[in-house]
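Residue strings, one per chain:
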Amino acid sequence: MSKADADATDGYDDARETDVLVVGSGIAGLAAALGAAREGADVTVATKATRPEGASSWWAQGGIAVSRDDPGQFKRDILAASADTADPAAVDVLVDNANDAVRDVLVDTLDVDFDTNGDDYDFTREAAHDQDRILHVDAATGKAIHVPFLHYLDDHDGVTVRDDTAALQLITHEGRVHGALLESDGEVTPTYAGAVVLATGGIGDLYPRSTNPDGSTGDGVAMAALAGADTEDMEYVQFHPTVYTGEDPFLVSEAVRGEGGLLRNDEGERFMPDYHEDAELAPRDVVARAVEKEREATGEVWLDVSGLDFAGEFPGLAGKCESRGVEWQRGIPVGPAEHFLCGGVAVDDRGRASLDRLYAVGECSCTGVHGANRLASTSLLEGLVWGLRAGEDAAGHDASVVEAPDLLDRDPALPENFASEKFVRLRRVMDEYVGLRRHPDDLGRAQAVLRRLKGEVDAYVRTRTSRSLYELRYASVTALLVTRAAAENDRSVGTHNIVEADEARAR
Ligand code: SIN
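Residues numbered from 1 in each chain as written. Predicted model: local features only at pLDDT ≥ 70, side-chain atom pairs only at ≥ 80, totals over all residues. Heavy atoms only, no water.

**Q** I'd love a proper account of the overall build of the protein, names of residues and values included.
**A** When its secondary structure is counted, the protein shows 16 helices and 19 strands. The globule rule puts the C-alpha radius of gyration for 507 residues at 23 Å, and the 22 Å found for the protein is close to it. Across its three principal directions, the C-alpha atoms of the protein cover 70 × 55 × 40 Å. Per-residue burial over the protein gives 59% buried out of 507 residues. Counting only contacts in the protein whose residues sit at least 6 apart along the sequence, the fraction spanning at least 24 positions is 73%. The positive charge centre, built from 49 side chains, and the negative charge centre, built from 94, are 5 Å apart in the protein. (Helix = DSSP H or I, 4+ residues; strand = E, 2+ residues; numbered from the N terminus. Rg over C-alpha atoms; globule rule 2.2 N^0.38 Å. Buried < 20%, exposed > 50% of the residue type's maximum accessible area, 1.4 Å probe, protein only. Contact = heavy atoms within 4.5 Å. Lys, Arg positive; Asp, Glu negative; His and termini not counted. Charge placed at Lys NZ, Arg CZ, Asp CG, Glu CD.)

**Q** With reference to specific residues and values, describe the site of the ligand.
**A** Residues in close proximity to the ligand include Gln-61, Gly-62, Glu-126, His-240, Ser-253, Glu-254, Arg-284, His-339, Arg-374, Ala-376 and Ser-377, which together make up its full environment. A distance of 2.9 Å separates an oxygen atom of the ligand from a polar backbone atom of Gly-62. The contact in question runs from an oxygen atom of the ligand to an N or O atom on the backbone of Glu-254, over 2.7 Å. Protein burial of the ligand: of its 260 Å² of free accessible surface, 95% is covered by the chains. (Near = heavy atom within 4 Å. Polar contact = N/O pair within 3.5 Å; in protein donor to acceptor, adjacent residues only side chain to side chain. Areas by Shrake-Rupley, 256 points an atom, 1.4 Å probe, with all protein chains shown as cover.)

**Q** Requested: an account of the environment of Tyr-244, with residues and values cited.
**A** Note on placement: Tyr-244 falls in strand S13 (residues 237–244). Between the C-alpha atom of Tyr-244 and that of Thr-44, which follows or precedes it by 200 residues, the distance is 37 Å. Other than its neighbours up to four places away in sequence, Tyr-244 contacts Arg-209, Pro-249, Phe-250, Val-252, Arg-324, Val-326, Ile-332, Pro-333 and Val-334.

**Q** Quick one: what's the story with the sheet that holds strand S19 (residues 365–366), residue by residue and with numbers?
**A** Strand order in this open sheet of three strands is S12-S17-S19, and the pairing throughout is mixed. Of all the strands in the sheet, just strand S12 (231–232) and S19 have a single pairing partner and so form its edges. Here two bridges tie strand S17 (residues 344–346) to S19, and the two strands are oriented parallel to one another. Within S19, the position partnered with Ala-346 by the bridge is Cys-366. Relative to the sheet, helix H6 (residues 219–226) contacts S12 and S17, its axis offset from that of S17 by approximately 45°. (Pairing = 2+ DSSP bridges. Axes fitted to C-alpha atoms, helices over the stretch in contact; angles between N-to-C directions.)

**Q** Break down the pattern of salt bridges for me, with residues and values.
**A** Under the defined criterion, the tally for this structure stands at 29 salt bridges. Linking Asp-92 and Lys-75 is a salt bridge whose minimum nitrogen-to-oxygen distance equals 3.1 Å. Of this pair, Asp-92 sits in helix H4 (residues 88–109) while Lys-75 sits in helix H3 (residues 71–81), and the two are 17 residues apart along the sequence. The buried category is assigned to Lys-75, whose relative accessible area is 18%. The partner of Arg-125 in a salt bridge is Asp-132, with the nearest N and O atoms 2.7 Å apart. Here Asp-132 falls in the partly exposed class, since its relative accessible area comes to 31%. One salt-bridge network, held together by shared partners, links Lys-48, Asp-219 and Glu-471. (Salt bridge = Lys/Arg side-chain N within 4 Å of Asp/Glu carboxyl O.)

**Q** How would you summarise the nonpolar core if you had to cite specific residues and measurements?
**A** Counting residues in hydrophobic clusters, the biggest one holds 70 residues, and the most contacted among them are Val-196, Leu-198, Tyr-207, Leu-358 and Met-430. When residues of this core are assigned to their parent elements, the largest contribution, twelve residues, is made by helix H15 (residues 467–488). With near-sequence residues (within four places) excluded, Leu-198 lies in contact with Val-23, Leu-170, Gly-220, Met-223, Ala-224, Leu-358, Tyr-359, Ala-360, Val-361 and Cys-364. Core analysis: the next-biggest nonpolar cluster, separate from the first, contains 62 residues, Leu-30, Ala-41, Val-95 and Leu-135 among them. (Core = buried A, V, L, I, M, F, W, Y, C linked by side-chain atoms within 4.5 Å.)

Below you can see the structure in the form of structure tokens.
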């Protein structure tokens, strides 16, 4: 099918059709677009990012893990990091396809210039990896993949990337997804598709401190859930342990600890060996909790980089420190920040969600690969592997026009600061009650506040279509899904850490 404006439907001035509509433009969305386009599909990528910094993948530092010559050990590392909660079948899909996907797309198609060491790649290591197996470009791997990927697809026949374009709602009919209502420049247009692939990234905007770009409001998870799709593992929200704690925070990659960086409390003591036998390279959830505890006990935690050639190995990070006046030679002050949602829209090994013709890939999906805690440098890989598989599977269906939901914009004006004030309230609740430490009573309290907040937002959504209002709506739906899943899971495991009341109150 060629892309053509369809007849105006249902009171909208305009409507479009495409074979595959991908919502989101990180590595998972772009891989889905590539997979579908290779099958001959006409693909539209709708992204609210104004490229390229708006996509989470652009910010990914560490790298992309491959299995090298020992896939079995890679699988065991993923399972161990997840405290044996990852789905072994999903882990097989990831690892068994890792080398081929990386070679095909990143090396042969995009020519990504991974760092080398002599004749071979400069494989590095991060926490909970038993082997050096991470391909990287300095500590800016996401950018080095994302930019050529966008350029490649810009020139690819049959692919159209529409940036600054938000998906407001899925179009569904009798249990099947038929497209989405897209908003651009205030105009809402139905885009009908044979299949929709959600690739909207994470939920960083639900927390006061996050490594995600602005606009990470859980759109895909919320849109899918509102349309009736299943979600899974939503309680597993991963916090990265080493994010600069000063003004204008930034992630300090786990690769720095992989190369010998040490964590010290404000009294100068190295504390991680007291928490885990793998010390600084323990699973991320363990390190994040230890860092938080030491910050509370002693005031600050420092990443000591004196044992490595920091400026030589991590010039980008050294530059970020210097631009913020941090004398990294004396240590970098770090603390946990929200980093990655391990759960999401429940999907199978091809990215298929529980609604017909709906797919989800990347961070907004739950493939089962991460279980309760994700192993470092597997997120770009998961996005790449599942993106390609979902894109290939999604191709081959024609769009059909059905009745689109009637989104009203009777009164475009919102009360001043409406969204920003509600976001402050939502983040406070998530930070206090649904963060690194959780207590059942608090989770009940959080649900009550979030339900009220969602009710207030829904009242406005009935008559308005502004993007900020929809982002707030998605954030409140996703926050409720996280909180409800946390309240329903009484097993403390991985990132879901249930504590006694006095510890919860000690914050
Ligand atoms: C990092 O560079 O520490 C982040 C890598 C990841 O989240 O996988």
